[in-house]
Amino acid sequence: MAPKKMKVENVEEENQKDVTEDVQTIPKPNISRIKNKILRNEMYKKLRVEKRKAKLKEKQRKKKEAESMGEEAPPKQVPKTIESMRVKDETMVNKEDTEVMLDEAQDELATYFNRETSPQILITTCDRPCLRTNKFCKELKLTIPNSEIKYRRGLDLKKIIPQAKERGYTDIIIVNEDRKEPNGLVITHLPEGPTLHFKLSSVRLTTEIKRVGEMSKHKPELILNNFGTRLGHSVGRVFASLFPHDPQFQGRRVVTFHNQRDFIFFRHHRYVFRNNKRVGLKDLGPRFTLKLRSLQKGTFDSKYGEYEWVHKRKEMETSRRKFSL
Amino acid sequence: MAAPMLKVLDVFVGSETGLLKGINVSKAEWLNLHDTESVDKSKEIVSLCWKDETETDVCIGSKNRTVTIWHSATRTFSDSLILGTEESKLRGVRLLNGDYVSCVDTGLVRLWKDGEVESEINAGKDVFTFEQNPTERNIFATGGKENELKIWDIELTENPKFTAKNVRNDWLNLRVPVWVTCARFLPKSEKIFTATGHHQVRMYDLKAQRRPVLDMSFDEYPITALSLCPKNENEVVVGNTVGKLAVLDIRKGRPVQVFRGLAGAIRAVQHHPTLPVIVSCGLDRYLHIHSTDDKSQQKIYLKSQLSVLLLKSSWDGNDVDNEEEVVVKTEVVSDEDGNDDEIWGNMEVVQTKTKREDVKNSNNKKKIKRKQTGEESGEFDKQSKSKNVKNKKRKTGIKA
C-alpha cells in the first residue's frame with residue numbers, strides 16, 4: 001500500500017501550497033491520516049476521480065491549444081521508454097554492408113533461403129513428458145507445418161541427430177519441462193547447426209485462451225520483429241527456416257516472433273477483414289515467450305560445442321537499456 | 001565503417017569469412033585488407049605468421065590449403081599457392097628459411113621447396129595443433145584428437161624427436177582421453193605447454209619425462225586458445241568455448257586472473273610480448289583487448305567470426321606521437337595568459353585510455369614522492385605545472 005500513500009501525500013503537499021497562496025480556503029484533510037478504513041477508502045476513491053477528471057481536462061486543453069495554434073503547435077512528446085533509450089549497439093546490421101550480407105548468405109541456413117531445402121521438422125521432448133508438455137507439443141505441431149512429434153524413448157540427442165539427418169529432417173525442436181511445466185526449448189538446425197537454447201515461459205495453450213479461433217492447415221505467414229543486431233539476425237533466420245516458403249495468403253494465418261527487450265513473444269493469429277477499412281485479429285494460440293540462453297555453432301553438443309553467444313547474466317545485464325537481440 | 005586509411009596496424013586478425021583485418025589499437029579503428037566482396041567461407045583463414053623477423057609481411061594460410069602473403073609496404077597480396085591436392089583442411093603454415101611448412105588435419109606435415117614436397121611427415125590422424133618453436137625454427141609440435149603431442153625435427157623426418165605419453169589412468173582406473181588442442185613452446189628452453197579439449201593445461205619438459213610435468217584443469221569446457229605470459233613462465237593465458245579467458249598459474253594449479261566481457265568461444269589469444277595486454281578474438285566477432293594490470297578493456301567489432309590473431313611486437317608507433325602532442329599542448333597553455341577560452345575550445349580530447357592512466361599513475365607516484373622527499377622528477381614536474389596552470393585558469397574563469 002506504500003505507493004498509494006505516497007501519492008496521497010504528494011497531493012496533500014500541493015494542496016498545502018494552494019493554501020499558502022490564498023489563505024481563505026480550508027485545507028483538505030490528509031486522507032492517509034483518516035483512521036476509519038471505510039471512510040478513507042471512500043475519500044480515496046473520490047480523490048482518484050478528481051485526479052482523473054483534472055487529467056482529462058488538461059489533455060483536452062492541450063489538444064485545443066494545439067488545434068488553435070495549427071502548424072506552430074509544439075511537437076507531440078514521445079515517451080522515453082527503455083527501448084527508445086536503448087544503448088547504441090554497433091553490431092546492428094546494415095543492409096548495405098557487403099561483408100555481413102555475404103557472410104549471412106553463406107551460413108548454415110543458406111540452403112533454406114536459396115530454396116534448396118524445404119523445412120521438415122521433428123518435435124520431441126525430454127524423457128517422460130507430462131501432460132502439459134505433450135499438449136504443448138501437439139499445438140506446436142499444428143502451428144508449424146511439416147512437423148512431426150516423436151516420443152523421445154530415452155534416446156540421446158546425439159544419437160537422434162544422425163538418424164534425423166538420414167531421414168531428411170531439417171530441424172529438431174526439443175521441449176524441456178520442469179515440475180510438469182514446459183520451461184525450455186532447444187532448436188537444432190540440421191545438418192550443420194546452429195543450435196539455439198531458449199528459456200520458455202508464460203505458456204498459454206489454446207484451451208487456456210478466451211475466444212480462441214480454430215486453426216486451419218494453410219501455410220502461415222511469418223512476422224519477425226526487431227531482430228536487428230547480428231545475433232538477432234542469426235536467431236531470426238533460424239525461426240524463419242522453421243516455416244515453409246510461400247505462405248498461403250488465403251488462409252490469413254500469421255505467426256509472429258516479436259522481440260522486445262530480448263524476450264521473444266510467439267503469437268499466432270488469423271486476420272479478419274471486418275469491412276473495407278478495418279481489420280481484426282483472432283488469436284489462434286498457443287502463446288509463449290522465449291528468451292535466448294545460448295547460440296551454439298554446430299548441432300547440439302553442449303559439452304564440446306563452440307558457443308557463438310552465451311548469455312552471462314552478471315556480465316551482460318549491466319544496463320537495463322542494453323539488449324543483445 | 002572503418003577508416004579507409006590506417007598507417008600503422010598493430011594487430012592482424014583472420015576471419016572465418018576469409019578476410020584479413022588490420023587493427024590500429026590506439027585509434028580503435030580497423031580495416032579489411034581483402035576486398036569485402038571476396039567473402040568466401042571455404043577460404044577461412046586458419047593460420048597467420050610473419051614472413052620474417054622484420055614483421056612486415058604476413059603469411060596467410062586458408063582452410064582450403066592456399067597460402068598468400070600480404071606485403072605491408074605495397075598493401076597487396078601475392079599470388080596464392082596451393083599446398084597439396086588431396087581433400088583435407090589446413091591446420092597451420094609456418095615458414096622455415098623462406099620455405100613453407102604446412103600441416104593438414106589428416107596429419108601430413110610437409111616441407112615445400114619451390115612448390116615441390118621436399119620432405120613429409122605423417123603425424124597421425126585428427127591433428128588439431130601445429131606449432132613452430134620460436135627459437136629453433138626447424139622444430140615443430142603436432143597434436144590432436146587421440147593423437148598425443150609429438151615434436152618433430154623437420155630435417156630429420158623418420159621419427160619424432162619426442163612423443164608424449166598419456167597421463168596415468170584416473171581414480172576409476174579408466175584411460176584418460178587425449179585431445180590436444182593447442183601447444184606453445186617456451187622460448188629458450190625444453191618446455192612446452194599444451195591445452196586439451198578435456199579442459200586440461202599441461203606442461204611437458206622434454207628433458208625430464210614423457211608424461212607432463214605439470215597438469216591442471218580449468219573450468220569444464222574445451223580449451224581452444226593458449227598463450228604464454230612473457231613475464232612469468234609458470235603462467236599461461238587460456239580461453240575456452242564459452243568465452244572464459246583466464247591467466248592460469250600452472251604451478252599453483254589455479255587461475256590468477258579471470259577476464260570478463262567475452263560472449264562466445266575464444267579462438268585465439270595472444271599476450272603482448274612487452275606490454276601488459278592480452279588480445280583475444282573468437283566467435284563473438286569482437287577483438288578484445290584486456291589489460292592485465294587493471295580492469296580496463298577495449299573491444300572492437302569486426303563483423304565476422306574471427307579465427308586467428310597476429311600481434312606486432314611493438315605497438316609504440318602511434319603512442320609516441322600522441323604523447324608528444326600532449327606535452328606540446330600543455331606547454332602552450334602555460335605560456336599564454338590571454339585568451340583561455342579559445343585555447344580550451346581548441347584543445348583536443350586525448351582519448352587513449354592508457355595515456356590517461358599513465359598520467360594518473362605518474363600523478364599518484366608524484367604524490368607519494370612528494371610526501372617522501374619533496375622532490376619531483378622532470379617529467380612529473382612539467383605535467384603537474386601544466387595541471388596547476390589549468391586549475392588556476394579554471395578558477396580565474398569562474399571569477400571573471
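Below is a short write-up of the structure. Here the structure is a predicted model, which means the values were calculated and not measured.

Description of the overall build of chain B
Working step 1: Scanning chain B from N- to C-terminus turns up 4 helices and 29 strands.
Working step 2: A burial count over chain B gives 50% of its 400 residues as buried.
Working step 3: Expressed as a percentage of contacts within chain B between residues at least 6 apart in sequence, the contacts between residues at least 24 apart total 43%.
Working step 4: By element, 48% of the accessible surface of chain B is carried by carbon and sulfur atoms, the whole surface being about 20,000 Å².

Some details on the packing of aromatic side chains
Working step 1: In total, this model carries 17 aromatic pairs over all chains according to the counting rule given.
Working step 2: Ring centres of A:Phe266 and A:Phe288 lie 4.4 Å apart, and the angle between their planes is 5°; this geometry places the pair in the stacked category. Residue A:Phe266 is found in strand S8 (residues 263-273), and its partner A:Phe288 is found in strand S10 (residues 287-296); the two are separated by 22 residues along the sequence.
Working step 3: An angle of 90° between the planes, with centres 6.4 Å apart, marks the rings of A:Tyr307 and B:Tyr221 as edge-to-face. Residue A:Tyr307 is found in strand S11 (residues 307-310), and its partner B:Tyr221 is found in the loop between strand S20 (214-217) and strand S21 (223-228); the two belong to separate chains.
Working step 4: Residue classification places B:Tyr221 among the partly exposed residues on the basis of a relative accessible area of 23%.
Working step 5: The rings of A:Phe136, A:Phe198, A:Phe227, A:Phe239, A:Phe243, A:Phe257, A:Phe266 and A:Phe288 are connected pair by pair, giving a single aromatic cluster.

Comments concerning the pairing of strand S15 (residues 147-153) of chain B
The side chains of a regular strand alternate, first on one face of the sheet and then on the other.
Residues and elements named next belong to chain B.
Working step 1: Where burial is concerned, most of S15 is hidden: 7 out of the 7 residues are buried.
Working step 2: Bridge count for strand S14 (residues 139-144) against S15 is 5 bridges, and the pairing is antiparallel. Counted as the bridge partner of isoleucine 139 is aspartate 153 from S15.

A few points about unusual backbone geometry
Working step 1: The omega angle of the peptide bond from A:Leu190 to A:Pro191 is 0°, so this bond is cis rather than trans.
Working step 2: Residue position: A:Pro191 is located in the loop between strand S4 (181-189) and strand S5 (195-204).
Working step 3: Of note, the bond from A:Gly285 into A:Pro286 is cis; its omega dihedral lies within 30 degrees of zero at -5°.
Working step 4: The backbone of A:Arg252 shows a phi angle near 55°, a positive value even though the residue is not glycine.
Working step 5: For A:Arg252, a relative accessible area of 27% puts it in the partly exposed group.
Working step 6: A positive phi angle, near 55°, is found at B:Ala28, a position not held by glycine.
Working step 7: By the secondary structure assignment, B:Ala28 is in the loop between strand S2 (20-24) and strand S3 (29-32).
Working step 8: For B:Ala28, a relative accessible area of 36% puts it in the partly exposed group.

A closer look at empty space enclosed by the protein
Residues and elements named next belong to chain A.
Working step 1: Under the definition given, this model contains 4 cavities of 30 Å³ or more.
Working step 2: Of the volumes computed, that of the largest cavity is approximately 150 Å³.
Working step 3: Elements supplying a minimum of two residues to the lining of the largest cavity: helix H3 (98-105) and helix H7 (230-240).
Working step 4: If you trace the second largest cavity, you find it lined by Leu140, Ile144, Ile173, Leu185, Ile187, Phe239, Leu242, Phe243, Phe257, Phe266, Phe288 and Leu290.
Working step 5: Going through the elements one at a time, S4 and S10 are the ones with two or more residues in the lining of the second largest cavity.
Working step 6: Its residues assigned to classes, the lining of the second largest cavity comprises 12 nonpolar, no polar and no charged.

Some thoughts on the sheet that holds strand S25 (residues 266-271) of chain B
Residues and elements named next belong to chain B.
Working step 1: Spatial strand order, S25-S26-S27-S28: 4 strands in an open sheet with antiparallel pairing. The strands lining the two open edges of the sheet, one partner per strand, are S25 and strand S28 (297-301). Going from strand to strand, the sheet's axes swing by 15° on average, the running direction of each strand aside.
Working step 2: Sheet analysis places strand S27 (residues 286-291) next to S28, joined by 5 bridges and oriented antiparallel. When the bridges of S28 are listed, isoleucine 289 appears paired with glutamine 298.

As for the interface of chain B and chain A
Working step 1: Across the boundary between the two partners, chain B contributes 37 residues, which contact 25 residues of chain A.
Working step 2: We note a salt bridge from A:Glu308 to B:Arg285, for which the minimum N-O separation is 3.5 Å.
Working step 3: Inspection of the region where chain B meets chain A yields 23 residue pairs in polar contact (both at pLDDT 80 or more).
Working step 4: The residue inventory of the side of chain B that touches chain A, partitioned by class, reads 14 nonpolar, 12 polar and 11 charged.

Considerations on the pattern of salt bridges
Working step 1: Inspection of every chain in the model, using the stated rule, returns 34 salt bridges over all chains.
Working step 2: A salt bridge links A:Glu306 to B:Arg267; the nearest nitrogen and oxygen atoms lie 2.9 Å apart. Residue A:Glu306 is located in the loop between S10 and S11, and its partner B:Arg267 is located in strand S25; the two belong to separate chains.
Working step 3: Using a relative accessible area of 18% as the deciding quantity, one classes A:Glu306 as buried.
Working step 4: Taking the relative accessible area as the measure of exposure, B:Arg267 reaches 19% and is therefore buried.
Working step 5: In this structure, B:Glu120 engages B:Arg110 in a salt bridge whose closest nitrogen and oxygen atoms are separated by 3.8 Å. You can see B:Glu120 sitting in strand S12 (residues 116-122) and its partner B:Arg110 sitting in strand S11 (residues 108-113), a full 10 residues away along the chain.
Working step 6: According to the relative accessible area criterion, B:Arg110 is buried, its value standing at 6%.
Working step 7: Among the ionic contacts, a cluster of salt bridges with common partners joins A:Lys297, A:Glu306, B:Glu16, B:Glu44, B:Lys63 and B:Arg267.

About the cut-offs
Residues numbered from 1 in each chain as written. Chains lettered and ligands numbered in written order. Predicted model: local features only at pLDDT ≥ 70, side-chain atom pairs only at ≥ 80, totals over all residues. Heavy atoms only, no water. Helix = DSSP H or I, 4+ residues; strand = E, 2+ residues; numbered from the N terminus. Buried < 20%, exposed > 50% of the residue type's maximum accessible area, 1.4 Å probe, protein only. Contact = heavy atoms within 4.5 Å. Areas by Shrake-Rupley, 256 points an atom, 1.4 Å probe, with all protein chains shown as cover. Phe/Tyr/Trp six-rings, centres within 6.5 Å; stacked < 30°, edge-to-face > 60°. Pairing = 2+ DSSP bridges. 1 Å grid on protein atoms, 1.4 Å probe; cavity = no way out; pocket = protein on both sides within 12 Å on 5 of 7 lines; lining within 4 Å. Points joined across faces, edges and corners; volume = space filled by probe spheres on them. Nonpolar A, V, L, I, M, F, W, Y, C, P; charged D, E, K, R; others polar. Axes fitted to C-alpha atoms, helices over the stretch in contact; angles between N-to-C directions. Salt bridge = Lys/Arg side-chain N within 4 Å of Asp/Glu carboxyl O. Polar contact = N/O pair within 3.5 Å; in protein donor to acceptor, adjacent residues only side chain to side chain.

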